[in-house]
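Secondary and tertiary structure notes
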Amino acid sequence: MHNCRIERKTIMLRYPFSILLLSSIILSFSVVSCWKTDSLKPGTPKQETIKPETPTPEISAPEAAKPFIQKEIPGVIRLQGSPDEIGKQHGERLKTEIQTMIKNYIIGKTDWISTKDERIARVRTMKPSLPDWYLRELSACAIAADVDEDVLLYAQCEGDIRSLGGCTTFVAYGNSTDNGQAEIGRNFDYFGFESVETCATIFTIIPNDGYAFISVGWSGILGGWTFFNEKGLFVANNLNYSNKKNPIGVPTLILERIIAQTAGTLDEAIAIIKNNPRMRGQALIIGEIRYHTDGMIRNAAVVKYDAENVSVEPCGNGFSFHTSVGSRRTEILEILKNPSRNPEDTIKSAGGILTLHSVVIRPESDKLWVAHGVTSNAHQSRYRKFSISELLKR
């Protein structure tokens, strides 16, 4: 015990400065700690510090305004809310692109000045055939983008009025693919403009009333050419020539939009086509790929129609296919059976100089690939991969 006391004294004498420095650090730390605890009163336990209460969010009605929250997925425009909100968001966020699309795609055409009055009068007579929610969205988009509403409506049906179009689309599953799982391929073939590079857009639209869906299209096009919704329903259009037309019928791109937003099954989509007036001949390729309590539902059909008739071609042997540019059915089937193929290989084989976007969907793998944004041969450009569930998350 005596030796121990001597040793402590020796240490104190040898290192007086170190001991003083250590004491100062301890004292400083104590002062800072007391300051950070906001001078708790004596007897108040630290663990009982009360945090501000988080307010309970209010539940809004389907048409009530909801705050717009941008989902940060590069290259994707997310729109959500009521028709007025979706239209306004579209017009505000893509104002420059919409004006560019109108300039290059509509009013920049050599025959626009001589035919403008006739074409505008035609789209005005069509408005009674369109859903109220669609007209509200159109009006809000036109106001926000500072473009004429009737000119914007004409842009939605320019291909129908001028009878333009091409495209190749397939839905394959079962015996037609190497593993039985569904694969959807889609090439949109059209005449490209420089604006494609700035206006090609992937939309995710989350309506208050209806199904959320993905649309691969252009800025300012409220409809689109290639859709996939949260119920697992796919729809795309190919040209199907017919001389039977209805000037007040629903244009193709708008009809597709109605299907994507309101149909959850193949049968519901076919009913929408039959129950609406139709502007001109088209072929819609529709696929239904979804989980069910009884197992996986895989179904598809090619629906050909014009102003007077509708015919349904059910899927045969797990393969629904349509092309208006001469793509080879047998070649596509051969590639689909190759287990070592890349996702884009099948639809890429059907691409051409007019291909403005190329899409691959594997619903059971939750994957979507898109190549677009170039004036031609989009299938030769990079395919970007997306998670379907991430895009459609509410």
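About the cut-offs
- Residues numbered from 1 in each chain as written.
- Predicted model: local features only at pLDDT ≥ 70, side-chain atom pairs only at ≥ 80, totals over all residues.
- Heavy atoms only, no water.
- Helix = DSSP H or I, 4+ residues; strand = E, 2+ residues; numbered from the N terminus.
- Buried < 20%, exposed > 50% of the residue type's maximum accessible area, 1.4 Å probe, protein only.
- Contact = heavy atoms within 4.5 Å.
- Pairing = 2+ DSSP bridges.
- Axes fitted to C-alpha atoms, helices over the stretch in contact; angles between N-to-C directions.
- Phe/Tyr/Trp six-rings, centres within 6.5 Å; stacked < 30°, edge-to-face > 60°.
- Lys, Arg positive; Asp, Glu negative; His and termini not counted.
- Salt bridge = Lys/Arg side-chain N within 4 Å of Asp/Glu carboxyl O.
- Polar contact = N/O pair within 3.5 Å; in protein donor to acceptor, adjacent residues only side chain to side chain.
- pLDDT = per-residue confidence, 0-100.
- Core = buried A, V, L, I, M, F, W, Y, C linked by side-chain atoms within 4.5 Å.

Notes on the overall build of the protein chain
When you go through the protein chain residue by residue, the secondary structure sums to 13 helices and 14 strands. Burial analysis of the protein chain (394 residues in total) assigns 48% to the buried set. Contacts spanning at least 24 positions in sequence make up 64% of the contacts within the protein chain whose residues lie at least 6 apart.

Things to note about the sheet that holds strand β11 (residues 319-323)
What the 6 strands build is an open sheet, ordered β11-β2-β3-β12-β13-β14; its pairing is antiparallel. Looking at the sheet topology across the chains shown, the edges are occupied by β11 and β14 (384-387). Strand after strand, the sheet turns through a mean of 10 degrees between neighbouring axes, direction not considered. Of the strand pairs in this sheet, strand β2 (residues 168-172) and β11 are connected by 5 bridges, and their pairing is antiparallel. Along β11, the bridge assignment pairs V171 with S320. Contacts from helix α11 (residues 329-336) reach β2, β3 (183-189) and β11, with the element oriented near 140 degrees to β11.

Some words on the packing of aromatic side chains
Here the structure, examined in full by the defined rule, presents 10 aromatic pairs. With a centroid separation of 4.4 Å and an interplanar angle of 25 degrees, the aromatic rings of F188 and W225 are classed as stacked. In this pair, F188 sits in strand β3 while W225 sits in the loop between β5 (213-218) and β6 (226-229), placing the two residues 37 residues apart along the sequence. Joined through ring pairs, the aromatic side chains of Y105, F188, Y190, W218 and W225 make up one cluster.

Some words on the pairing of β2
Counting buried positions over the 5 residues of β2 gives 5, a clear majority of the element. The alternating pattern of β2 places T168, F170 and A172 on one face and T169 and V171 on the opposite face, and all of these are buried. With 5 bridges connecting them, β2 and β3 associate as antiparallel partners. What sits directly across from A172, in β3, is E183.

Some points on the side chain of E256
Note on placement: E256 falls in helix α9 (residues 252-262). As a buried residue without a salt bridge, E256 has its nearest oppositely charged side chain in R186, at a separation of 5.5 Å. Only 3.4 Å separates the side chain of E256 from the backbone nitrogen of N237, close enough to count as a polar contact. Sequence-distant contacts of E256, that is, excluding residues within four places in its chain, are made with G224, W225, T226, F227, V235, A236, N237 and L284.

Focus on unusual backbone geometry
Its identity is not glycine, yet D366 carries a phi of approximately 60 degrees, on the positive side. Within the secondary structure layout, D366 lies in the loop between β12 (355-362) and β13 (367-372).

Topic: the pattern of salt bridges
Per the counting criterion, the structure on display carries 19 salt bridges. Between R136 and D84 there is a salt bridge, with its nearest N and O atoms 2.4 Å apart. Remark: D84 occurs in helix α3 (residues 83-93) and R136 occurs in helix α6 (residues 132-145); sequence separation between them is 52 residues. Taking the relative accessible area as the measure of exposure, R136 reaches 28% and is therefore partly exposed. E149 is the salt-bridge partner of K127, the closest N and O atoms lying 3.0 Å from each other. Placement of the pair is K127 in the loop between α5 (112-126) and α6 and E149 in helix α7 (residues 149-161), with a sequence separation of 22 residues. Overall, E149 belongs to the partly exposed group, its relative accessible area being 25%.

A word on the confidence of the model for the protein chain
Summing up the model confidence of the protein chain, the mean pLDDT is 85 and the portion of residues at 70 or higher is 80%. Segment residues 1-68: pLDDT under 50, and 21 contacts once partners within four positions in sequence are set aside and those in other chains are kept.

A closer look at the nonpolar core
M101, I102, L152, W218, I259 and I286 are the most contacted members of the largest nonpolar core, which has 63 residues in total. Top element by residues in this core is α7. It accounts for 7 residues. Those residues in contact with I286, other than ones at most four positions away along the chain, are L233, F234, V235, L266, A269, I273, N299, A300, A301 and V303.

Regarding the environment of G249
Along the chain, G249 turns up in the loop between β7 (233-239) and α9. The sequence separation of G249 and M279 amounts to 30 residues, and the corresponding C-alpha distance is 4.0 Å. Apart from residues lying up to four places away in sequence, G249 is in contact with M126, P277, R278 and M279.

Regarding the sheet that holds strand β8 (residues 282-292)
Sheets are built from strands that pair by backbone hydrogen bonding, the pairs being arranged parallel or antiparallel. The strand order across the open sheet formed by 8 strands is β1-β4-β5-β6-β7-β8-β9-β10, and the pairing between neighbours is mixed. Looking at which strands have only one partner, the edges of the open sheet turn out to be β1 (76-81) and β10 (310-314). Across the sheet, the axes of successive neighbouring strands diverge by a mean angle of 20 degrees, strand direction being ignored. With 6 bridges joining them, β1 and strand β4 (residues 200-207) adopt parallel strand pairing. Bridge pairing in β4 places V76 opposite I202.

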